[in-house]
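Residues per chain are reported as follows:
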Amino acid sequence: MKKLFFFIPLVIFLALGAVFYQQLGKDAEYMPSALIGQSVPEFQLIDLATDSVVGNEALPNEPYLMNFWATWCPSCAAEHAYLGELAEQGVTIVGIDYKDDTPAAREWLAERGNPYSLVLTDEMGHFGVDMGITGAPETFVISGEGEVLYRHQGVVNAEVWQTLKGYMQ
Amino acid sequence: MKAWLMACFVCLASGLLHAEEVVQFASPERAERYNTLIEELRCPKCQNQNLEDSNAGIAVDLRQQVYSMIQAGQSDEQIIDYMVARYGEFVLYRPVQKPSTAILWYGPFALLLVGALIFIGVTVNNRRKARKGV
């Protein structure tokens, strides 16, 4: 009976090993948004196309992607072509031009194509903070009722889209 | 000796790593609140730094936000609630006390208690043995 006590460290070791093994390969950076299940915060932002101030009523009434991007962001350049493909497939994407220079942003869209049905400029980054973003690019899935369903940090590609698509229904 | 010198340099260097803008407050009490808040709030981008130490764009913005909220006369609680509403409890270096965080708060004490019990058990056992041996 007493000898069994000597196995306690081994048992603890195995238990810890099992716990750590399960965590292997998980994305340690992944952080769910604090806004999941909540409505898109109220905003007053300038529409890049019309230069007029718009609020939440300008957002689509169907499920859509909200993509934070900027011309200073290399990963945004990397995902831009793929966003174009999604737009061609009929996915509605709202772009938030995050802490950017408006003329540069216009030039960027003219050069690379515009996958967005609406582009709002968040020059000060206040709307970004309200959405809890930590940088660009970040992409949210928003329901037709304006509820935040999912958030992805980083580049959107075919693999990520499979996940996003699941939330778009 | 070499390792010890190294450690000294690392400590000195980390003291210099503060990434702060010049901020000015009307009262020292507000400046102190600012410093405490940016020390206790975690940068949501760079996961092991607080707002005070981080140079990430978002950390600069959030420091600015803390500053303007203090200037606007908001309480510490309001500022913390503002951050938690946007970035989750993740931004708190001091976790909220609730059932799911109980293990963080009380786990170490529970382990200490277990260790103390084992220590007492072994000591008592050894003494008994020693007495028998004599």
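Along each chain, numbering runs from 1 in the same order as the chain's sequence is written. The order in which chains are written sets their letters, starting at A; the order in which ligands are written sets their numbers, starting at 1. In keeping with the model being predicted, local features are shown solely for residues with a pLDDT of at least 70 and side-chain atom pairs are shown and tallied solely at 80 or more, while totals for entire chains, interfaces and linings include all residues. Water and hydrogen atoms were dropped before computing side-chain values, which therefore reflect all heavy atoms in the structure.

1. Quick notes on the interface of chain A and chain B
In what follows, a contact means two residues having at least one pair of non-hydrogen atoms within 4.5 Å. On the side of chain B, 17 residues touch chain A, which itself brings 17 residues to the contact. Summed over both sides, the interface of chain A with chain B buries roughly 1200 Å², with 47% coming from carbon and sulfur. Of all residues in chain A, M31, V129 and T134 of chain A bury the most surface against chain B, accounting for 42% of the area lost on that side. Salt bridges are identified by distance alone: a Lys or Arg side-chain nitrogen within 4 Å of an Asp or Glu carboxyl oxygen. In this structure, the connection of chain A to chain B is made through two salt bridges. With its nearest N and O atoms 2.5 Å apart, the salt bridge here joins D61 of chain B to K99 of chain A. Distance and chemistry together define a polar contact, namely a pair of N or O atoms within 3.5 Å, with one atom able to donate a hydrogen and the other to accept it when in protein, and with adjacent residues in sequence counting only for side-chain atoms on both sides. For the interface between chain A and chain B, the tally reads three residue pairs in polar contact (both at pLDDT 80 or more). Here the side of chain A that touches chain B takes four residues from helix α4 (residues 126-130) of chain A, the largest share from any one element. Two parts placed together each lose some accessible area; with a 1.4 Å probe, that loss summed over both constitutes the buried area. Helix and strand assignments come from DSSP, with helices taken as H or I runs of at least 4 residues and strands as E runs of at least 2, each series counted from the N terminus.

2. With respect to the pattern of salt bridges
On inspection of all chains with the given rule, the structure shows seven salt bridges over all chains. Residue D130 of chain A pairs with R86 of chain B through a salt bridge whose shortest N-O separation is 2.8 Å. You can see D130 of chain A sitting in helix α4 and its partner R86 of chain B sitting in helix α4 (residues 76-87), one on each of two chains.

3. Things to note about the packing of aromatic side chains
Residue and element names in this part refer to chain A. Each Phe, Tyr or Trp ring (for Trp, its six-membered ring) is paired with any other whose centre lies within 6.5 Å, and the angle between the two planes then decides the class: stacked below 30 degrees, edge-to-face above 60, tilted in between. Taken as a whole and judged by the stated rule, the model has eleven aromatic pairs over all chains. Plain terms: the ring middles of W69 and Y116 are 5.6 Å apart, the flat faces sit at 15° to each other, and that makes the pair stacked. Placement of the pair is W69 in strand β3 (residues 64-69) and Y116 in the loop between α3 (102-112) and β5 (118-122), with a sequence separation of 47 residues. Only protein chains enter the calculation, and the probe is 1.4 Å; a residue is then buried if its accessible area is under 20% of its type maximum, exposed if over 50%, and partly exposed in between. With relative accessibility at 7%, the residue Y116 sits in the buried group. With a centroid separation of 6.3 Å and 55° between ring planes, the pair formed by W72 and Y98 is classed as tilted. Here the residue W72 occupies a position in the loop between β3 and α2 (74-88), and Y98 occupies one in strand β4 (residues 93-98), the gap between them amounting to 26 residues. Under the relative-accessibility criterion, W72 is labelled partly exposed at 45%. These aromatic residues form a ring-pair network of at least three members: F43, F68, W72, Y98, F127 and F140.

4. So, unusual backbone geometry
Residue and element names in this part refer to chain A. Across the junction of A136 and P137, the peptide omega takes the value -5°, indicating a cis bond. Among the structural elements, P137 can be located in the loop between α4 and β6 (138-142). Within the chain, D51 stands out as a residue other than glycine whose phi angle is a positive 65°. Position of D51 relative to the elements: it lies in the loop between β1 (45-47) and β2 (53-54). Notably, K99 is not glycine yet its phi reads approximately 45°, a positive angle. Along the polypeptide, K99 turns up in the loop between β4 and α3. K99 gets classed as partly exposed once you look at its relative accessible area, which sits at 28%.

5. Side note on the packing of helix α3 (residues 57-71) of chain B against α4 of chain B
When two helices pack together, their arrangement is given by the angle between the helix axes and by the axis-to-axis distance. All names here are of chain B. Lines are fitted to the C-alpha atoms to define the axes, a helix being fitted only along its stretch in contact, and any angle between axes, read from their N-to-C directions, falls within 0 to 180 degrees. Closest axis-to-axis distance for the α3/α4 pair is 10 Å, and the angle between their directions is 145°. In terms of crossing hand, the pair formed by α3 and α4 is right-handed. Here α3 contributes I58, L62, Q65, V66, M69 and I70 to the contact with α4, which in turn contributes Q78, I79, Y82, M83 and Y87. Its residues assigned to classes, the contact of α3 with α4 comprises nine nonpolar, two polar and no charged. Crossings are assigned a handedness: left-handed for a near helix turned anticlockwise from the far helix by less than a right angle, right-handed for a clockwise turn. Charged residues are taken to be Asp, Glu, Lys and Arg, nonpolar residues to be Ala, Val, Leu, Ile, Met, Phe, Trp, Tyr, Cys and Pro, and polar residues to be all remaining types, Gly included.

6. Structural notes on helix α5 (residues 158-168) of chain A
Residue and element names in this part refer to chain A. Inspection of α5 places V160, W161, L164 and M168 among the buried residues, and these make up the whole buried set. For α5, the angular spread of buried residues about the axis comes to 100°, placing them on one side. Close packing links the buried residues of α5 with β3, α2, β6 and β7 (148-153). By construction, the arc corresponds to the directions joining the helix axis to the C-beta atoms.

7. Focus: α3 of chain A
Residues and elements named next belong to chain A. Residues of α3 that are buried: T102, A105, W108 and L109. The buried side chains of α3 occupy one side of the element, clustering within an arc of 115° when seen end-on. Of the residues in α3, the exposed ones pointing more than 90 degrees away from the buried face are P103, E107, A110 and E111. On its buried face, α3 sits against β3, α2, β4 and β5. Downstream of α3 by one or two residues, G113 has phi in the positive range, about 90°.

8. Brief notes about the sheet that holds β7 of chain A
All names here are of chain A. Strand pairing is assigned whenever DSSP identifies at least 2 bridges connecting the two strands. Spatially, seven strands are ordered β2-β1-β5-β4-β3-β6-β7 in an open sheet, and the strand pairing comes out mixed. Both outer strands of the open sheet, β2 and β7, are each paired with one neighbouring strand and no more. As paired elements, β1 and β2 share two bridges and run antiparallel to each other. The residue of β2 that forms the bridge with I46 is V53. On the sheet, α3 packs against β3, β4 and β5 and is oriented at approximately 125° with respect to β3.

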